[in-house]
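A closer look at the structure
Listed here are the chains, written in short residue letters.
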Amino acid sequence: MYGKYKGNLLIATACDAENGLLPIDFAIVESENRSSWTFFLWNLFFSIGCINNVCVISDRHLGIIAGMKAIEEASNVTWHHHLCMRHMIDNFKKNVKSKELSDQVWRAATLKCPNQFADEMRKILSASPQARTWLDQVPPHTWALCYDDGRRHGTMTTNRAESMNSVFKGVRGLPVTAILQQTFIRVSDYFYTRCESGKSMSGEHVSSMQQCLERTTHDARAMLVRRLDRSEFNVQDKNAVMYTTFLYSDHVDCQCHVPKLFHYPCAHVIAT
Ligand SMILES: [Zn+2]
């Protein structure tokens, strides 16, 4: 905020099924610290209900991590904190001062296969002792896609959430009561627009998922499938690369890791 009353406007944003923004919680606080983040996260907790395995993606602000810990200790839920890769890479660049290594860390973060991640990390760590020291403080499960068990749904940064700033353009300089009023009006308008956009979709899935399934179904037609047992299949893609897929009654899995990490079927699963 930059008007007469200084402070920070905190916003928690989720994604809807069409990858649109879903603002959930707002708070005006004096500053970002442990106490204000804990207050905010408790309000988020009550807004979304007592849900387990909530994934929070943010920068490495100690107040956020402490607030999440306080919630976990006082309730019986487990929340997971994952790092925004844009913030992490900015910090890495500031400390290690190498664009090449930063690009390598970014590449490692987005790899779906743990073996490929290990190979990339070996190259990074052997190239720079400074990178090794810095990365030792940041466990891979907090930033690498292949170790997040699908909690991020492939979302690696908070970039989209930060585009909420454009919704609040011109608001942050207003008095507090006007900020509250404008927040309500703008979020209501935003929800109405998203709702109308949703109503215009027909079919079983949202538009982006429909297009994704059409693409993967098209790719699946060029694949060869061999059944190994009741639930296990070998699938060869058009480049003759072999994947093993598993079709169980309650879930599917594939060696490409797409179903687990992104929560939709890959072409190998569709081919079976
Ligand atoms: Zn697959």
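Residues numbered from 1 in each chain as written. Predicted model: local features only at pLDDT ≥ 70, side-chain atom pairs only at ≥ 80, totals over all residues.

Under the annotation held in an unreviewed UniProt entry, the protein chain carries the name MULE transposase domain-containing protein and is attributed to Acorus gramineus.

**Some remarks on the packing of helix α3 (residues 85-96) against helix α4 (residues 99-110)**
We count it as follows: Each axis is a line fitted through C-alpha atoms, and for a helix only the stretch in contact is used; angles between axes span 0 to 180 degrees, taken between their N-to-C directions. Runs of E in the DSSP output that reach at least two residues are strands. Runs of H or I that reach at least four are helices, and both are numbered from the N terminus. Here the word oblique covers every angle except those under 35 degrees (roughly parallel), over 145 (roughly antiparallel) and from 65 to 115 (roughly perpendicular). In this scheme the crossing of two helices becomes right-handed for a clockwise turn of the near helix relative to the far one and left-handed for an anticlockwise turn of less than a right angle. Contact definition: two residues whose C-beta atoms, as placed from backbone geometry, lie within 7 Å. Side-chain classes follow a simple rule in which Ala, Val, Leu, Ile, Met, Phe, Trp, Tyr, Cys and Pro form the nonpolar group, Asp, Glu, Lys and Arg form the charged group, and the remainder, Gly included, forms the polar group.
With their axes 9 Å apart at the nearest point, α3 and α4 run at an angle of 150° to one another. One finds that α3 runs roughly antiparallel with respect to α4. As for how α3 packs across α4, the hand of that crossing is right-handed. Between α3 and α4, the residues in contact are Met-85, Ile-89, Phe-92, Lys-93 and Val-96 and Leu-101, Ser-102, Val-105, Trp-106 and Ala-109, respectively. Here the contact of α3 with α4 is built from residues that sort into eight nonpolar, one polar and one charged.

**So, α3**
Applied cut-off: One less than the residue count of a helix, multiplied by 1.5 Å, gives the span that helix is expected to have.
With twelve residues, α3 ought to run about 16 Å at 1.5 Å a step, and its terminal C-alpha atoms sit 16 Å apart, in line with that. Once α3 ends, the next one or two residues include Lys-97, with phi positive near 55°.

**Structural notes on the nonpolar core**
Definition in use: In these notes, a nonpolar core means any group of buried Ala, Val, Leu, Ile, Met, Phe, Trp, Tyr and Cys residues linked to one another through C-beta atoms within 7 Å. Buried means a residue has 20 or more other C-beta atoms within 10 Å of its own C-beta, exposed means 12 or fewer, and partly exposed covers the counts in between; C-beta atoms are placed from the backbone. Bear in mind that the domain bounds are from an automatic or database domain assignment.
The biggest cluster of nonpolar side chains holds 19 residues, and the ones touching the most others in it are Met-85, Met-88, Val-105, Ala-108, Ala-109, Trp-143 and Ala-144. Composition of this core by domain shows at least three residues from each of domain 1 (1-84 + 158-200) and domain 2 (85-148). Not counting the four nearest positions on each side in its chain, Ala-144 is found in contact with Ala-108, Ala-109 and Phe-117. In terms of nonpolar packing, the next biggest core, distinct from the first, is built from ten residues, Val-235, Tyr-243, Cys-254 and Cys-266 among them.

**Details of unusual backbone geometry**
Even without being a glycine, Asn-19 presents a positive backbone phi close to 60°. Here Asn-19 shows up in the loop between β1 (8-15) and β2 (21-29). Residue Asn-19 is classed as partly exposed on the basis of its C-beta count, with 13 C-beta atoms lying within 10 Å. Positive phi is not limited to glycine here, since Asn-53 has a value of about 60°.

**Overview of the domain arrangement of the protein chain**
Looking at the assigned domains, one finds that the protein chain contains domain 1 (1-84 + 158-200), domain 2 (85-148) and domain 3 (207-271). In this structure, domain 1 and domain 2 have C-alpha centres spaced 28 Å apart. Across the contact, seven residues belong to domain 1 and seven residues belong to domain 2. Broken down by element, the residue count for the side of domain 1 that touches domain 2 peaks at three residues, all from strand β4 (residues 79-83). Each residue belonging to the side of domain 1 that touches domain 2 can be placed in one class, and the counts come to two nonpolar, three polar and two charged.

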